[in-house]
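Report on the structure
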Amino acid sequence: MNKDKRSSAPIYEMLEQYKAQGNTSYHVPGHKNGKAYEHEPRNAGFLGEIMEYDVTEITGTDDLHHPEGVIREAQELAADCFGAEESFFLVGGSTAGNLALILTVCPEPGMILIVQRNVHKSVIHGLMLAGVRAVFLEPEIDPLSGLAVAPAAETVQAALAAYPKAAGVLVTMPNYYGMGSDLAPLVQACHDSGVPLLVDEAHGAHYGQHPALPAGALMCGADGVVQSTHKMLSALTMGAMLHVQGPHIDRALLRQRLAMVQSSSPSYPLMGSLDLARRLLHSRGPEAFTAGLAAVDVLRRGLAELPRYRLLQPAAPLQHTGGGYATTAGSDTPPLRGAAYTTQDPFKAVLHDGAGVLGGFELQRRLEAKGCVPEMSDARHVVLLFSLGSSAEDAQRLLHALREIDEEERATRGTQWGAADKPYVSTENESAAVSAETSSLIQEHHVIHKQDGQAELIANANVSTWNIFNRELFSDPVPFSLKPVASGDMKPIRLADSAGEIAAEMVIPYPPGIPLLYPGEKITESVLQRLMDLSRGGAKFQACADSALQHIMVYNKKKGGED
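Read on for a plain summary of the structure.

Rules behind the numbers
- Residues numbered from 1 in each chain as written.
- Predicted model: local features only at pLDDT ≥ 70, side-chain atom pairs only at ≥ 80, totals over all residues.
- Heavy atoms only, no water.
- Pairing = 2+ DSSP bridges.
- Helix = DSSP H or I, 4+ residues; strand = E, 2+ residues; numbered from the N terminus.
- Contact = heavy atoms within 4.5 Å.
- Axes fitted to C-alpha atoms, helices over the stretch in contact; angles between N-to-C directions.
- Parallel < 35°, antiparallel > 145°, perpendicular 65-115°, else oblique.
- Left-handed = near helix turned anticlockwise from the far one by under 90°.
- Nonpolar A, V, L, I, M, F, W, Y, C, P; charged D, E, K, R; others polar.

With that settled, the discussion passes to the sheet that holds strand E1 (residues 86-90). In space, the eight strands of this open sheet follow the order E1-E10-E9-E8-E6-E2-E3-E21, with mixed pairing throughout. With one partner strand each, in any of the chains shown, E1 and strand E21 (478-479) form the two edges of the open sheet. As judged from the five bridges shared by E1 and strand E10 (residues 240-244), these two strands associate in the antiparallel manner. Within the sheet, the bridge partner assigned to Phe-88 lies in E10 and is Leu-242. In the packing of helix H7 (residues 153-162) onto the sheet, contacts are made with strand E2 (112-116), strand E3 (133-137) and strand E6 (169-172), and the angle to E3 comes to roughly 150°.

Here's what the structure looks like:
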């Protein structure tokens, strides 16, 4: 594709022409290019400008669900930019893409889909809509951070062997912390079984666009990839894309499913922003990320002078034993479950307090009080998101806030950090130093954190709502449906009293939006403790009747909610 073509933005340019023509609207929307607010004393403010470009499907504007003009051209340009065979604009975020993919790959109720256990709620909703029987895969865990990444290729192979009629496999990569691994072995496992690999790459739309960034899922051979263009690139919020390649996905059925889950009146300003986001990458190439990566470098150099704060990054690689486990080179300890963390998004700066004083939620509150608003936090970490729109000044302001927090803590608590102290960096020797006793705990999802030369146990890996574990590599099929729980079959009880009960509602800490409980799941002591810790820490909850999670809906056992 020639340079002039790549520098064009068909939808955006059409919208500019629409405004310049000054035609009179005898069609929706009813605000009539914002004129409805002309005599309103407060008018529409900045939204009035947007309304001048807020058109609908009329002559010359094309149709998202049957593109023949500017939208078709814009999607073809997107496919060229991101390396897909075909790309689709999404005006409902990555949620719409996940729903459409699941409904396409599993067109009939009762089909089996192999799914990473810790997935976004949109995937769970897709399973419900499609009436899927989900086989959940256990993710591997990074033993130094305590965070789950993705399932091992051996786990995927074992699940596909156990369920040869599975329609496909769905994983998330990267995770919400920017952590990831090579997807190529998972792709190979799926294609060897003749099924597609679907990837929720919501946080990786920028992957593969610069040598400093990890390879994207399409580059690894994934069949269907959903990206939130608004998250790590420059589209408006809700702007996303779905990319497909290969023979494993029915394109005609996918178009039908997209028409089902997306609005028949899509936002043209939103689609125009997707067009602009693509043009920015297409026209500037890797240079588009220069300023953002420079800002990250400023942050890293600044953190080297603030040893209190530890920056998440991959440890030395562990050697696979071939059975879904890994062991450090030269180690006599039992193999450790999970060596999946090999890549880190440089734009996701994941910090924690090496002094062990400030938890993630508290550090987020302290940063927000100083005008620095993080993406999210968990019990231990704060996630600070940079992008191609970030500047060195942004990094300097963050460093100033972190420095002030450190000084305030030292003044209040007397915490001292000597000049010889260095930022936390994982090493091969550190991983190899894990004892046989502690390595067995890691296999049960306990984690080792190294601090000041001592191994510290992080019990149960409860540092993040991203971590959801069973003790099996993959589950039995779990049926999903749209049938609601009857009010007479459930009752509210105090969360503190819910251990051993069967959940009658979904519980979703947000962000990142990973369900910790599904209806029909038993509330174990460990899950209860995590929910109580999150509630005390100020986490927000969705999908449950009590958003503060003081109470939880459980099955009335007299109505059939037996264990």
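Another aspect to go through is the packing of helix H5 (residues 93-105) against helix H10 (residues 251-261). The geometry of a pair of packed helices is captured by two quantities: the angle between their axes and the separation between those axes. Close contact between H5 and H10 brings their axes to 9 Å; oriented N to C, the two are set at 135°. In terms of axis orientation, H5 runs oblique to H10. The element H5 and its partner H10 pack so that their crossing is right-handed. Mapping the contact onto sequence places Ala-96, Leu-99, Ala-100, Leu-101, Leu-103 and Thr-104 in H5 and Leu-253, Leu-254, Arg-257, Leu-258 and Val-261 in H10. By residue class, the composition of the contact of H5 with H10 is nine nonpolar, one polar and one charged.

This part takes up the sheet that holds strand E11 (residues 309-311). Paired through their backbone hydrogen bonds, the strands of a sheet run either parallel or antiparallel. As summarised here, the arrangement of the four strands in space is E11-E16-E18-E17, forming an open sheet in which the pairing is antiparallel. The open sheet has two free edges, formed respectively by E11 and strand E17 (376-377), since each of these has just one partner strand. Relative to strand E18 (residues 381-385), strand E16 (residues 348-353) runs antiparallel, the two sharing five bridges. Among the inter-strand pairings, Val-350 is bridged to a residue of E18, identified as Val-383.

The quantities given are spatial measurements derived from coordinates; they are silent on function.
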